[in-house]
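Structural overview
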Amino acid sequence: MAIKYNADRKTFILETRNSSYLMKVSRYGNLLHLYYGKKIPDKNLDFLLKFQDRGFSPNPNEAGNDRTFSLDFLQQEYSTDGKGDYRSPSIEVVNGDGSTIFSGKMAGYKIYKGKYCIKGMPSLRAVSGDTADTLEIRLEDRESQAAVILGYSVFEEKDVITRTVRFVNGGRQSLMLKRLMSVTLDYRDSDFDLIYFSGRHTMEREFNRIPVQSGMHSIGSSRGTSSHQFNPFGIVCRKNTDEDRGDCYGYSLVYSGNFLLEAEQDQFSQLRVNMGINPRDFSYRVDPGEEFQAPEVVLAYSDQGLTGLTHLYHDVFRENLCRSPYSKKVRPVLINSWEAAYFDFDEEKILNIARESVAMGVDLFVLDDGWFGNRDDDNSSLGDWTVNRRKLKDGLDGLSEKIHQMGLQFGLWIEPEMVSENSDLYRKHPDWCLKAPGRPMTRGRNQLVLDLSRKEVCEYLIQTINEILESAKIEYVKWDMNRSISDVWSGALEKDRQGEALHRYVLGLYYIMDNIILKHPEIIFCGCSGGGGRYDPAMLYYQPQMWCSDNTDAISRLKIQFGTSFAYPVNALEAHVSVCPNHQTGRSVSLKTRGIVAMGGILGYELDSTKLSEEEKEFCRKQVNFYKKNYRVIAEGDYYRLTNPYENRSFTAWEHVTKNKKKALISLVLTDKESNAPQLYLRLKGLDENAFYRVEGHRGSFSGALLMNAGIPVPPELGEYDSVQFVLRMVQEAE
Ligand code: GLA
């Protein structure tokens, strides 16, 4: 068992391969946090808790005259509200009498084999070859008879701990939950940096590293989705932590709606981190006998720097999160119609693009937006999921059949969660979208959001989308979501339940996905929200790959894919080669560089193949072949960021290495060309220093030690946005 309880010391001890997590029940029943970090053999950490009489630090009643016990400064496992801890709380609840006090005291625990369950929300699961053990601790508020049940599942071999919290109303009055964090973690000091990922549409997951300072730093989303603006992933690390060395802690929320990540340095220079559903626009009425569960947080600790942390997340997300059988299968190389044709196509044009792309060596053709209702632009028809026969005379099945005859598979774009005002669905069910009565509504991309907190809307979508998927031979689906949510009000909810609408929307979405995506394991689903606006682990649970960004410019993608790589595995990241000048930035970059950057993920194309020359198509075919030959190392190997594009302005490089270190693929793009420039060197990572490696296609070999310590010269003849890519193979002995 990776979990133990020492009854004498009232201490819980959780252990993974390289980390220990300890907490202790105080003499007054509060659960205090002792330690999370590098694995330690010690079981008695009581001396770390320092009790002191401090001014303006109140003492709870049960402490009697003991003025040294105060929640104002002790590290807590789950901070209760209204009892003298003034840091940002884990829970806020309005009691029947209007008070907002919740004082959770130890009321029992349970340790069992296997993973806890979260009903209705995605979470990790134990798979064969590794184990999970679970601890549940019940903290009860005597006065309201409500309790929080803290859940911890320890994935020992995977080196991660997952957490969730259940709020249970065991009393007689309805309680109004205003905040229920999935995790609180108190550190004894605040000598840390915070790393987080911010962005906007077409520029997602930009890397930020800031020092923790006095006060609160918080990031989050209130847009109804996990958002382009901030990703539900953050890292707390020591100041001297870099890619290869140092302590770091990862926080990843398995949730697709509003979230909050807080890092607060308190008056005594201690750090508290909270993560969970964003309390903004949230409340949840929990009636007697009912409960509410917070989504899962995946916690990981590494002393092997940011790369070590990345590898933990990549492995556990690849193996324990994604439910699609495709997460382990080779993905087809696709060509997507969006940047090739936008809304302007008919069957003939689509077939021409598909036919010409056969010569490029792709496997699958994806028909993007514009195939249904009267959709000739983005102002109408969302909700009317019937094929537009004016554009596609033989329907989806006819088109799919013709595409299959060319030897290609067929994929389709959908955006189930939306409705256009100009649609039959809206005309029939104007009350099916989120909008407040008597108020003008806010449009986004001229569309409205369906109210997925309504059961009948979910059932309608399940039936409609399943019918489409069964109406033709479809091997791939791109599931889009193209606006931020506003005007939140649901006709299906009582007045004091309106604060539940957004969370219920997310639960509705998971219910729909359970009944569409999990019912079609033979289809590859690709997550999308205007590119990477819902790029989170919960979506990865359903969809093995996600469209990383609507920005297909290879140079912008260097930063976007860099930021994405911290938590999300390479085989979750869909990346396309598009035309130049690029449609988003106007930049021109060689086909070679575009291909190399797109091979930093699941390679695809998004261009009009009828406009490519024979040489270009042949070039793409070679690119696809090279990618396919190296698919395993790219998709399943360990990923190394060799440079940080925010620091190294000259070039960006990355590396994929097989787990057995026998093969590596190195990619480098020159981002700034200087005159009479200094010679640049690239130091590799992750190789066996005692082994020798040969560059594929060249003679001679180099030791792993040399390649990692001296590095290799960056070819001085490379021009701006030029690139190199090469494969290293381990050889038996030096050549
Ligand atoms: C979103 C997606 C694009 C494309 C369009 C279609 O913006 O991110 O890739 O599918 O919608 O409308």
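Residues numbered from 1 in each chain as written. Predicted model: local features only at pLDDT ≥ 70, side-chain atom pairs only at ≥ 80, totals over all residues. Heavy atoms only, no water.

1. Notes on the side chain of Thr184
Looking at the secondary structure, you find Thr184 in strand β10 (residues 175–187). A relative accessible area of 0% means that Thr184 is categorised as buried. At a separation of 2.6 Å, a polar atom in the side chain of Thr184 contacts the side chain of Ser90. Ignoring anything within four residues of it in the chain, the contact list for Thr184 reads Gln76, Glu77, Tyr78, Ser90, Arg163, Arg272, Val273 and Asn274. (Helix = DSSP H or I, 4+ residues; strand = E, 2+ residues; numbered from the N terminus. Buried < 20%, exposed > 50% of the residue type's maximum accessible area, 1.4 Å probe, protein only. Polar contact = N/O pair within 3.5 Å; in protein donor to acceptor, adjacent residues only side chain to side chain. Contact = heavy atoms within 4.5 Å.)

2. Remarks on the domain arrangement of the chain
Here the domain parsing of the chain yields domain 1 (3–320), domain 2 (331–634) and domain 3 (640–731). In this structure, domain 2 and domain 3 have C-alpha centres spaced 34 Å apart. Between domain 2 and domain 3, the contact holds 21 residues from the first and 22 residues from the second. Of the roughly 1,900 Å² buried where domain 2 meets domain 3, counting both sides, 66% is carbon and sulfur surface. Area buried by domain 2 at its contact with domain 3 is led by Phe562, Ile596 and Val633, which between them contribute 32% of it. Remark: the boundary between domain 2 and domain 3 carries zero salt bridges. (Domains from an automatic or database assignment. Buried area = accessible area lost by both parts, 1.4 Å probe. Salt bridge = Lys/Arg side-chain N within 4 Å of Asp/Glu carboxyl O.)

3. Considering the pattern of salt bridges
Going through the model one piece at a time under the given rule, you end up with 65 salt bridges. Put simply, Glu347 and Lys393 hold a salt bridge, and the shortest N to O gap is 3.4 Å. Of this pair, Glu347 sits in helix α3 (residues 347–358) while Lys393 is found in the loop between β22 (364–367) and α4 (395–405), placing the two residues 46 residues apart along the sequence. On the basis of relative accessibility, which here comes to 5%, the residue Glu347 falls in the buried class. Three or more residues are tied together by salt bridges with common partners; here these are Arg285, Asp287, Glu494, Asp496, Arg497, Glu500 and Arg504.

4. So, unusual backbone geometry
Cys580 connects to Pro581 through a cis peptide bond whose omega is -5°. With respect to the helices and strands, the residue Pro581 is situated in the loop between β29 (573–578) and α10 (591–598). Positive phi values are uncommon outside glycine, yet Arg205 reaches one of about 55°. With respect to the secondary-structure elements, Arg205 resides in strand β12 (residues 203–211). One non-glycine residue with positive phi stands out, namely Ser381, at about 80°. You can see Ser381 is positioned in the loop between β22 and α4. Owing to a relative accessible area of 3%, Ser381 belongs among the buried residues under this scheme.

5. Focus: the layout of surface pockets
Within this model, the largest pocket holds a volume of roughly 1,100 Å³. Residue lining of the largest pocket: 43 residues in total, with Glu243, Asp244, Gln304, Thr307 and Tyr640 positioned closest to the centre. Looking at the lining of the largest pocket, the elements with two or more residues in it are β12, β20 (297–302), α1 (305–321), β31 (638–641), β34 (681–682) and α13 (704–709). Ranked by residues supplied to the lining of the largest pocket, first place goes to α1 with seven residues. Class assignment of the residues belonging to the lining of the largest pocket gives a composition of 14 nonpolar, 11 polar and 18 charged. Each of domain 1 (3–320) and domain 3 (640–731) contributes no fewer than three residues to the lining of the largest pocket. (1 Å grid on protein atoms, 1.4 Å probe; cavity = no way out; pocket = protein on both sides within 12 Å on 5 of 7 lines; lining within 4 Å. Points joined across faces, edges and corners; volume = space filled by probe spheres on them. Nonpolar A, V, L, I, M, F, W, Y, C, P; charged D, E, K, R; others polar.)

6. Remarks on empty space enclosed by the protein
Enumeration over the complete set of coordinates arrives at seven cavities of 30 Å³ or more. Roughly 100 Å³ of internal volume is contained in the largest cavity. What lines the largest cavity is simply Arg557, Leu558, Gln561, Phe562, Ser565, Gly600, Tyr639, Arg641, Thr643, Thr652, Ala653 and Trp654. For the lining of the largest cavity, the elements supplying multiple residues, two or more each, are α9 (554–564), β31 and β32 (651–657). Among the elements that line the lining of the largest cavity, the one with the most residues is α9, at four residues. Looking at the lining of the largest cavity residue by residue, the class counts come to five nonpolar, five polar and two charged. Shared between two domains, the lining of the largest cavity holds at least three residues of each, these being domain 2 (331–634) and domain 3 (640–731).

7. A short note on the nonpolar core
The biggest cluster of nonpolar side chains holds 190 residues, and the ones touching the most others in it are Phe167, Trp371 and Tyr605. Ranked by residues supplied to this core, first place goes to helix α7 (residues 501–516) with eight residues. Counting residues in hydrophobic clusters, the runner-up holds 22 residues, among them Ala653, Leu684, Leu718 and Leu728. (Core = buried A, V, L, I, M, F, W, Y, C linked by side-chain atoms within 4.5 Å.)

8. What about the site of the ligand?
Neighbouring residues of the ligand: 13 residues in total, closest Asp368, Asp369, Arg445, Lys478 and Asp550. Take Asp369: an N or O atom from its side chain is 2.6 Å from an oxygen atom of the ligand. The contact in question runs from an oxygen atom of the ligand to an N or O atom on the side chain of Lys478, over 2.7 Å. Taking 310 Å² as the accessible area of the ligand by itself, protein coverage stands at 96%. Grouping the amino acids of the shell around the ligand by side-chain chemistry returns four nonpolar, three polar and six charged. (Near = heavy atom within 4 Å. Areas by Shrake-Rupley, 256 points an atom, 1.4 Å probe, with all protein chains shown as cover.)

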